[in-house]
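Okay, here's what each chain looks like letter by letter:
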Amino acid sequence: MLTIAVRAARNAGGLIQRSSENLGRLTIDKKSKNDFVSEVDYIAEQEIIQVIKYAYPDHSILAEESGEHKGNHYTWIIDPLDGTTNFLHGYPQYAVSIALKNKSKIELGVVYDPLRDELFTAEKGGGAMLNNRRIRVSKQTDLSTALLGTGFPFKFPQHLDAYIEMFRTLTPTTAGIRRAGSAALDLAYLATGRLDGFWEIGLKEWDMAAGILLVQEAGGVVTDFSFNDQYLKSGNIITGNPKMHQAIYQAIEPYVTDQLK
Ligand code: IPD
Ligand code: CA
Ligand code: CA
């Protein structure tokens, strides 16, 4: 199944990279405020679905652009292009994300960065890899020297005040905070130790499913804002190595409203 996921991700990544040479000529639609989708998202998703359906015609699919395709208890969770806004601006930070869930458990995850040809893979119980080399989360133990990643809740104005309080607390107490614009890559970077911690409000399952398994298989901890495991449902996520996860949780906990729990 990993072979199929990798083939699908690489094929989609190839399409994305070829399209990046014609950015000005792409058809772009607006799904909602600040939420764009281009023909590349659709073409990449179709390619991924075709590869998966050919190998596993009975499996279910949950894909960002085409929604649910009902099948058996295996579900492929697909974000064909995570970081669309970056891609459309020629900002070099975007990826393909594909995960496989067996009932409610994520069993494999692939995040592919076609620009840098970086392939992040994880299988439940089998560790996490970058281009076939084992990766681990960082050994950072001190928040004051930690580099954190985050995403802004730009689609959720109702959470902006709470988010800004979290940001206000963490900005002076860490070495830096990055908002790079692809949650899938943020999580993959956490799994390799390039980031020490990460938090975001309002993610979708396809943004994070593959990245979460990468982090867990690399020795990291992932929770929702209640310190529980309902992150796929709530879309609110805190993650890091065990120490950094705890430190971020403690820092933002006072600002976690009931709606964020
Ligand atoms: C977005 C990216 C971004 C996150 C947004 C997502 P998309 O995915 O992951 O980092 O902050 O919430 O929607 O729309 O580019 O696939
Ligand atoms: Ca996404
Ligand atoms: Ca997307």
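A brief look at the structure comes next. The residue count restarts for each chain, going from 1 along the sequence in the order it is written. Working convention: letters from A go to chains and numbers from 1 go to ligands, in the order in which they are written. pLDDT decides what is reported in this predicted model: residues at 70 or higher carry local features, side-chain atom pairs at 80 or more are listed and counted, and totals for whole chains, interfaces and linings draw on all residues regardless. Values shown for side chains rest on all heavy atoms present in the structure; no hydrogens or waters enter the calculation.

## Points about the overall build of the chain
Defined as follows: Where helices and strands are cited, they refer to DSSP runs of H or I of at least four residues and of E of at least two residues respectively, numbered from the N terminus. Note on method: radius of gyration uses C-alpha positions; expected globular size equals 2.2 Å times residues raised to 0.38. Buried means the residue's accessible area, taken with a 1.4 Å probe over protein chains only, is under 20% of the maximum for its type, while exposed means over 50%, and partly exposed covers the values in between. Here the open area of atoms and residues is found with the Shrake-Rupley method and a 1.4 Å probe, where only the protein chains shown may cover a residue.
From N to C terminus, the chain includes eight helices and 15 strands. Its C-alpha atoms give the chain a radius of gyration of 17 Å, near enough to 18 Å, the size a compact globule of 261 residues would have. Among the 261 residues that make up the chain, the fraction classed as buried is 54%. With an accessible surface of roughly 11,800 Å², the chain has 49% of that area assigned to carbon and sulfur atoms.

## Some remarks on the sheet that holds strand E13 (residues 197-200)
Our working definition: Pairs of strands are assigned from DSSP output, requiring at least two bridges between the strands. In this analysis, axes come from line fits to C-alpha atoms, helices being fitted only over the stretch in contact, and the angle between any two N-to-C directions falls in the range 0 to 180 degrees.
Here five strands make up an open sheet; going across it, the order is E12-E11-E13-E15-E14 and the pairing mixed. Because the sheet does not close on itself, it has two edges, and the strands there are strand E12 (176-178) and strand E14 (221-223). Strand-to-strand twist across the sheet, computed as the mean angle between neighbouring axes with direction ignored, equals 15°. Summarising the sheet, strand E11 (residues 147-150) and E13 pair through three bridges and their orientation is parallel.

## Regarding the nonpolar core
The condition is simple: Only buried Ala, Val, Leu, Ile, Met, Phe, Trp, Tyr and Cys residues count toward a nonpolar core, and they belong to the same one when joined by side-chain atoms within 4.5 Å. For each domain, the first and last residues come from an automatic or database assignment. In this description, contact between two residues means that some pair of their heavy atoms is separated by no more than 4.5 Å.
Val111, Phe120, Ile212, Leu214 and Ile237 are the most contacted members of the largest nonpolar core, which has 36 residues in total. When we break this core down by domain, the ones giving at least three residues each are domain 1 (2-134) and domain 2 (143-260). Residues within four places of Ile237 in sequence aside, it is in contact with Leu187, Phe198, Trp199, Glu200, Leu203, Met208, Ile212, Val222, Thr223 and Phe225. Core analysis: the second largest hydrophobic core is formed by 30 residues, Ala9, Ile52, Tyr74 and Ile78 among them.

## Some details on the environment of Glu21
If you trace the backbone, Glu21 turns up in the loop between helix H1 (2-19) and strand E1 (28-32). For Glu21, a relative accessible area of 65% gives the class exposed.

## Comments concerning the pairing of strand E15 (residues 237-240)
Regular strands have side chains that alternate between both faces of the sheet. With burial as the criterion, each face of E15 is covered, one bearing Ile237 and Thr239 and the other bearing Ile238 and Gly240. As judged from the four bridges shared by E13 and E15, these two strands associate in the antiparallel manner. Bridging from a neighbouring strand, Gly197 pairs with Gly240 of E15. In this sheet, E15 lies alongside E14 in antiparallel orientation, the contact comprising three bridges. In the sheet register, Thr223 faces E15, and the bridge partner there is Ile238.

## Examining H1
The criterion, for reference: A helix is expected to span 1.5 Å multiplied by its residue count minus one.
An ideal rise of 1.5 Å per residue puts 26 Å on 18 residues; H1 measures up with 26 Å between its terminal C-alpha atoms. For H1, the set of buried residues is Ile4, Ala5, Val6, Ala8, Ala9, Ala12, Gly13, Ile16, Gln17 and Ser19. Residues of H1 that are buried sit in contact with helix H2 (39-55), strand E5 (74-82), helix H3 (84-88), strand E6 (95-102), strand E7 (105-113) and strand E8 (118-123).

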